[in-house]
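Observations on the three-dimensional arrangement
Read off the chains here:
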Amino acid sequence: MRLHKRLKQNKSLLPSNSTILLAISGGQDSMALLKLIIDLKRLHKWQVEIWHGNHQWHAKSEKTEEELKLWCLKNQISFHSDKADKKEVANEEKARDWRYKNLIMKAKFLSSKNIHFPCTRILTGHTATDRAETVIMNLARGTDLTGLTTLKEQRTIENNIDLTRPLLIFNRNETLEICKEFNLPIWIDPSNENINLTRNKIRKEILPILNSIYKGADSRIASVANRLESYNEDQKLFAKIAIEFCQGEKINSLSRIKLFGLTNSIRQIILSNWLKTMGVKRVTALQIEEINTKVSQRKPPGSIHLHGDFLIGWNKEAIYISNKTN
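Residues numbered from 1 in each chain as written. Predicted model: local features only at pLDDT ≥ 70, side-chain atom pairs only at ≥ 80, totals over all residues. Heavy atoms only, no water.

**Considerations on the overall build of the protein**
Along its length, the protein carries eleven helices and ten strands. If one aligns the C-alpha atoms of the protein with their principal axes, the spans along those axes are about 70 × 50 × 40 Å. Burial statistics for the protein: of 326 residues in total, 45% are counted as buried. Sequence separation of 24 or more characterises 65% of the internal contacts of the protein that already satisfy a separation of 6 or more. Surface exposure of the protein reaches about 18,200 Å², of which carbon and sulfur atoms provide 53%. Taken together, the 52 basic and 35 acidic charged side chains of the protein have centroids lying 3 Å from each other. (Helix = DSSP H or I, 4+ residues; strand = E, 2+ residues; numbered from the N terminus. Buried < 20%, exposed > 50% of the residue type's maximum accessible area, 1.4 Å probe, protein only. Contact = heavy atoms within 4.5 Å. Areas by Shrake-Rupley, 256 points an atom, 1.4 Å probe, with all protein chains shown as cover. Lys, Arg positive; Asp, Glu negative; His and termini not counted. Charge placed at Lys NZ, Arg CZ, Asp CG, Glu CD.)

Here it is in structure tokens:
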């Protein structure tokens, strides 16, 4: 009922009369998602398709894939899977990129096979707990506002294809209860127990402490991130206008002179958003502060190395960005 109510509030999340592709790992969150979607399938006239990504990260990967496939066949659920080359998924970031690439390819294939039921939504089982973990992790890294509004309920990842996270209104305790209530199978990923991985350490050690102090802390943290979303979108819109105003003579530059006339906080917002538009995927709040301090003090030319082989430099009149590999 909670999910049904949410879908009625925001009808664009999962449109009726369409194909929806669920990314199912076999863990409790994704299995809870699958159960809820199947129960609502008839009401919304969805064609439900399942995709499973086998990362080959552990000895049970093959068994999980096969057992999940058999379970889906038994329950008359369309099943698809892909197996990764270990070099493609050497770390969490590469594994995520591999999953999304294959999910998009599968969504396009499904749309081509049935033009009357196009696949415009890819669903993942991310919960409020996942969102809280991400907020805590990004806070520790020294994030800006954007880092506090990650794991959005919906975002476009390709033309006409949106990534949707319907379970952000549930926490992990609730997805476990759903699995228990309906006697759903759960396939445990051994890598989730490795506390050397940052997210696992937050999940196993930090969030339980916060939840013991304030019951439901994970859901509250996720709720804060949700409320900040609209504020962040407004900030990005104003930043876009400000960036156009401060545009330098070259396309990859800003006018240092125009930035001098702005307040400290506004300069930081402009620099943060400008770097993202220039392709810098990762920049911390501390780096933004450092850049802002150096370019606003009328000091001589200088430069700072950034993530992804990018170099930000400045002279008397302009701030510019370049890629060190070019």
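Further notes follow.
**Some remarks on helix α10 (residues 264-277)**
In this model, α10 (14 residues) spans 20 Å end to end at C-alpha, consistent with the 20 Å of a helix rising 1.5 Å per residue. Among the residues of α10, those classed as buried are Arg267, Gln268, Ile270, Leu271, Ser272, Asn273, Trp274 and Leu275. Immediately beyond the C-terminal end of α10, within one or two residues, lies Gly279, with a positive phi of roughly 100°. (Expected span 1.5 Å × (residues − 1).)

**Topic: helix α8 (residues 217-245)**
If you check α8, its first and last C-alpha atoms are 41 Å apart, about what 29 residues at 1.5 Å a residue would give, namely 42 Å. Where α8 bends most, the angle comes to about 30°, and this point is Glu229. Turning to α8, its buried residues are Ala217, Asp218, Ala222, Ala225, Glu229, Asn232, Gln235, Ala239, Ala242 and Ile243. (Bend = angle between axes of the 7 residues up to and from the residue.)

**Digging into the packing of helix α7 (residues 198-213) against α8**
Contact geometry for α7 and α8: axes closest at 8 Å, N-to-C directions at 100°. Taken together, the axes of α7 and α8 lie roughly perpendicular to each other. Between α7 and α8, the contacting residues are Leu207, Leu210 and Asn211 on the first element and Ala217, Asp218 and Ile221 on the second. Taken together, the residues that form the contact of α7 with α8 break down as four nonpolar, one polar and one charged. (Axes fitted to C-alpha atoms, helices over the stretch in contact; angles between N-to-C directions. Parallel < 35°, antiparallel > 145°, perpendicular 65-115°, else oblique. Nonpolar A, V, L, I, M, F, W, Y, C, P; charged D, E, K, R; others polar.)

**Some thoughts on the side chain of Asn102**
Mapped onto the elements, Asn102 comes out in helix α4 (residues 92-113). For Asn102, a relative accessible area of 10% translates into the label buried. Not counting the four nearest positions on each side in its chain, Asn102 is found in contact with Trp51 and Asp82.

**A short note on the sheet that holds strand β9 (residues 310-314)**
Strand order in the open sheet formed by four strands is β7-β10-β9-β8, with antiparallel pairing between adjacent strands. Strands with a single pairing partner mark the edges of an open sheet, and in this sheet they are β7 (253-255) and β8 (302-306). Across this sheet, the average inter-strand angle for adjacent strands is 15°, counted without regard to direction. In this sheet, strand β10 (residues 318-323) lies alongside β9 in antiparallel orientation, the contact comprising five bridges. What sits directly across from Gly313, in β10, is Tyr320. Lying over the sheet, α10 contacts β7, β8, β9 and β10, oriented at roughly 30° with respect to β10. (Pairing = 2+ DSSP bridges.)

**A word on the side chain of Ser61**
Mapped onto the fold, Ser61 is located in helix α3 (residues 61-74). The exposure class assigned to Ser61 is buried, which follows from its relative accessible area of 7%. A distance of 3.0 Å separates a polar atom in the side chain of Ser61 from the backbone oxygen of His58. Discounting residues that sit within four places of it in the chain, Ser61 has contacts with Asn54 and Gln56. (Polar contact = N/O pair within 3.5 Å; in protein donor to acceptor, adjacent residues only side chain to side chain.)

**As for the sheet that holds strand β5 (residues 154-158)**
Across the sheet, which stays open at both edges, the six strands sit in the order β3-β2-β1-β4-β6-β5 with mixed pairing between neighbours. Only two strands of the sheet have a single neighbouring strand rather than two, namely β3 (78-83) and β5. Within this sheet the neighbouring strands show an average axis-to-axis angle of 30°, counted without direction. Strand direction decides the pairing type here: strand β1 (residues 19-23) and strand β4 (residues 119-123), joined by four bridges, are parallel. By the bridge assignment for β4, Ile20 is matched with Arg121.

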